[in-house]
Amino acid sequence: MADIRNNFIGIKSPNPFWLASAPPTDKAYNVIRAFQAGWGGVVWKTLGEEGPPVVNVNGPRYGAIWGADRRLLGLNNIELITDRQLQVNLQEMKQVKKQFPDRAIIASIMVPCEEQAWKAILPLVEETEVDGIELNFGCPHGMSERGMGAAVGQVPEYIEMVVRWCKQYSRMPVITKLTPNITDIRKPARAAHAGGTDAVSLINTISSITAVNLDTFSPEPSIDGRGSHGGYCGPAVKPIALNMVAEIARDPETRGLPISGIGGVTTWRDAAEFLVLGAGNVQVCTAAMTYGFKIVQEMIEGLKSWMDEKGHATLDDVIGRATPNVTDWQYLNLNYVTKAHINQDLCIKCGRCHIACEDTSHQAITNIVDGLRHFEVIEEECVGCNLCVNVCPVEGCIDMVPLAAGQLDKRTEKVVQPTYANWTQHPNNPMHKPAPVQVPEPAE
Ligand SMILES: Cc1cc2nc3c(=O)[nH]c(=O)nc-3n(C[C@H](O)[C@H](O)[C@H](O)COP(=O)(O)O)c2cc1C
Ligand code: SF4
Ligand code: SF4
């Protein structure tokens, strides 16, 4: 069976599934239950400075988006960092680490952007003998208004400075957690790298308002008639997180920098997607909050089964395998031509593909043929966009079929070429380069 033991920047855990810093990791009681269920590691709920703990709201702190089956797709929260005493958290971290020496425990920290504040907390954390620290530069609400969290994560110079302090005043491995609330994720990643971080983790939550109550006109979650933006997470944010992970993994300035992938991981498949795009492990929050700690068991078994089926012996065989296949639009092969094909045996004749293509795409699907409802692709019109595949309610009913080299594309009346040709070479491109460019090396 596949070996999924994880070594992330020297921190070992029996599997690559860590719980992200959040309510599931807020106290020893939770973390012990999580480890008993099988989680490989946890990033403890973010610690703040010594002194009076932060104060949370006493009303609802979550908003949500659901699918038609009421499955939770996106979760939004206005919770702050831990509201427990620093010393209580530190004692519990030390105790749990002793009890579970084979699991990873990372201390997440958020203190003011002042050298003295970091210098003061680092030795206290180091004394607990946990495996490393994660710098929370991500929280988009509450703490950012106090000059912490995303307020630091949005300024690359601050990130670099704080990472340097942490490397200077501590021997612990440093993971820098990035905020997605920024235009170009490569900039904070580069800054963390320049400061000497051992790894980055991403994403933290996305600033959001999930809903507004149309009777009271209050954003949700409503605290006495008023709402505030919160942090969005869960399955809905996975595409954003995957892209950001890939951007950092393929950036020449940060290539090779270890990444802990976070954002919407709910199944083994989500985790595998983060790994192949370059993450060295994954962190999970919403899925555990929705389904409980035992969900990790399906993740572990699913990942192992997939690796066995594909002949991948260890995580090193899969990490980063898809990264070389992420490219810029201008390098996509314009000689790759596909056509939609409808499997008549599976079609339930609902007509959704027809109306989507007819009204908003290329009028390439019939609805009535010889007086009967019949849905078939008109190859002469189909541009291969795959909108119909995405709106069809029957999985696998519509396929996109590539035309082989030498076949005629009935829409353009051109023969499909066997060569790779991209926009940089296209005659319509005023900047086109006649010499063929190097084809990006695909992953095996
Ligand atoms: C209620 C809640 C509280 C959170 N608190 C923290 C926190 O204290 N520190 C932190 O770094 N991230 C915090 N997060 C963000 C998560 O660690 C994680 O980055 C985010 O939820 C995305 O992962 P997910 O889609 O698996 O939930 C919190 C998330 C939630 C839902
Ligand atoms: S692939 Fe696009 S153009 Fe072709 S049939 Fe489907 S929706 Fe229409
Ligand atoms: S959307 Fe799918 S099931 Fe519905 S008519 Fe089109 S092909 Fe058939």
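Numbering of residues starts from 1 in each chain and follows the order in which that chain's sequence is written. The naming scheme follows written order: chains are lettered A onward, ligands numbered 1 onward. At least 70 in pLDDT is required for a residue's local features to be given in this predicted model, at least 80 for side-chain atom pairs to be given and counted, and no such filter applies to totals for whole chains, interfaces and linings, which use all residues. No hydrogens and no water enter the side-chain calculation; it runs on all heavy atoms of the structure.

Asker: It is not clear to me how the site of ligand 2 should be interpreted in this structure. Could you clarify?
Answerer: Residues in contact with ligand 2 amount to 14 residues; listed here are only the nearest, Cys-357, Cys-382, Cys-385, Asn-386 and Cys-388. Here ligand 2 is seated within the second largest cavity. Residues are grouped as follows: Ala, Val, Leu, Ile, Met, Phe, Trp, Tyr, Cys and Pro are nonpolar; Asp, Glu, Lys and Arg are charged; all remaining types, including Gly, are polar. Here the shell around ligand 2 is composed, by residue class, of 10 nonpolar, 4 polar and no charged. In this text, near means that some heavy atom of the residue lies within 4 Å of the molecule or strand in question. Note on definitions: the grid is 1 Å and covers protein atoms alone; a cavity is a set of points where a 1.4 Å probe fits but cannot get out; a pocket is an open set with protein on both sides within 12 Å along at least five of seven lines; lining residues have an atom within 4 Å of a point. Any molecule with more than half of its atoms within 2 Å of a cavity's or pocket's grid points is counted as sitting in it.

Asker: Looking at this structure, I do not really get empty space enclosed by the protein. What am I missing?
Answerer: Grid points are joined across faces, edges and corners, and a volume is the space filled by probe spheres set on the points. Summed over all chains, the structure comprises 4 cavities of 30 Å³ or more. The space that makes up the largest cavity amounts to roughly 430 Å³. Only strand S4 (41–47), strand S6 (72–77), strand S8 (132–136), strand S14 (230–233), strand S16 (281–284) and helix H9 (286–291) provide two or more residues apiece to the lining of the largest cavity. Secondary structure elements follow DSSP: runs of H or I of four or more residues count as helices, runs of E of two or more count as strands, with numbering from the N terminus. It is H9 that contributes the most residues to the lining of the largest cavity, 3 residues altogether. For the lining of the largest cavity, a count of residues per class yields 18 nonpolar, 13 polar and 4 charged. Taken as a whole, the second largest cavity encloses approximately 100 Å³ of empty space. Lining the second largest cavity are 15 residues, with Cys-357, Ala-364, Cys-382, Cys-385 and Cys-388 positioned closest to its centre. Of the residues that constitute the lining of the second largest cavity, the class distribution is 11 nonpolar, 4 polar and no charged.

Asker: Would you mind going over the domain arrangement of the protein with me for this structure?
Answerer: How big an interface is tends to be reported as the loss of accessible area on association of its parts. Residue ranges assigned to each domain were obtained from an automatic or database domain assignment. Along its sequence, the protein is organised into domain 1 (6–325) and domain 2 (329–425). Here domain 1 and domain 2 have C-alpha centroids that lie 40 Å from each other.

Asker: For this particular structure, what's the right way to read the pattern of salt bridges?
Answerer: Working definition: two side chains of opposite charge can pair if their charged atoms are close together. Salt bridge, as applied in this entry: a Lys or Arg side-chain nitrogen positioned within 4 Å of an Asp or Glu carboxyl oxygen. Evaluated as defined, the whole model comprises 19 salt bridges. Between Lys-238 and Asp-270 there is a salt bridge, and its shortest N-O distance comes to 2.9 Å. Taken together, the positions of Lys-238 in helix H7 (residues 238–250) and Asp-270 in helix H8 (residues 268–276) put the pair 32 residues apart, joining distant regions of the chain. Note on exposure labels: buried denotes an accessible area under 20% of the residue type's maximum, exposed denotes more than 50%, and partly exposed covers the range between, all computed with a 1.4 Å probe on protein chains only. Given a relative accessible area of 15%, Lys-238 falls into the buried group. What makes Asp-270 buried here is its relative accessible area of 9%. Here Glu-247 and Arg-250 are joined by a salt bridge, their closest N and O atoms 3.3 Å apart. Linking Glu-247 with Arg-250, this pair stays in helix H7, spanning 3 residues, or about one helical turn. For Glu-247, a relative accessible area of 18% translates into the label buried.

Asker: Is there a simple way to explain the nonpolar core in this structure?
Answerer: Burial of nonpolar side chains together is a common tendency in soluble globular proteins. Throughout this description, the term nonpolar core refers to a set of buried Ala, Val, Leu, Ile, Met, Phe, Trp, Tyr and Cys residues connected via side-chain atoms within 4.5 Å. Among the nonpolar cores identified, the biggest contains 82 residues, and Trp-39, Trp-118, Val-125, Ile-133 and Leu-202 are the most heavily contacted of them. Contact definition: two residues touch when any of their heavy atoms are within 4.5 Å. Among residues more than four places away in sequence, those in contact with Trp-39 are Asn-15, Phe-17, Trp-18, Leu-19, Ala-34, Arg-103, Val-284, Ala-288, Phe-293, Ile-295, Val-296 and Met-299. Counting 15 residues, the second-largest nonpolar core is a separate cluster that includes Cys-347, Ile-365, Cys-392 and Ile-398.

Asker: Can you walk me through helix H10 (residues 295–310) in this structure?
Answerer: Each α-helix turn comprises 3.6 residues. Residues three or four places apart therefore point the same way. A helix is expected to span 1.5 Å multiplied by its residue count minus one. Taking 1.5 Å of rise per residue, 16 residues should cover 22 Å, and H10 covers 23 Å from first to last C-alpha, within 8% of that figure. Looking only at H10, the buried set comprises Ile-295, Val-296, Met-299, Ile-300, Gly-302, Leu-303, Lys-304, Trp-306 and Met-307. On the buried face of H10, the contacting elements are strand S3 (17–19), helix H1 (28–37), H8, S16 and H9. Backbone geometry just downstream of H10 places Gly-311 in the positive-phi region, at approximately 75°.

Asker: Just to check I follow, could you spell out the layout of surface pockets for this structure?
Answerer: In this approach, a probe sized like a water molecule rolls over the atoms, and the result shows the empty space that is left. Taken as a whole, the largest pocket spans an internal volume of roughly 520 Å³. Considering the residues around the largest pocket, the lining is formed by 21 residues, among which Leu-334, Asn-335, Val-337, Thr-412 and Lys-414 are closest to the centre. Taken together, the residues of the lining of the largest pocket break down into 9 nonpolar, 8 polar and 4 charged. Looking at the second largest pocket, its volume works out to about 330 Å³. Taken together, the elements giving at least two residues each to the lining of the second largest pocket come down to strand S1 (6–8) and H7. Examining the composition of the lining of the second largest pocket, we find that 3 residues originate from one element, S1, more than from any other. A class-by-class count of the residues in the lining of the second largest pocket yields 9 nonpolar, 8 polar and 4 charged.

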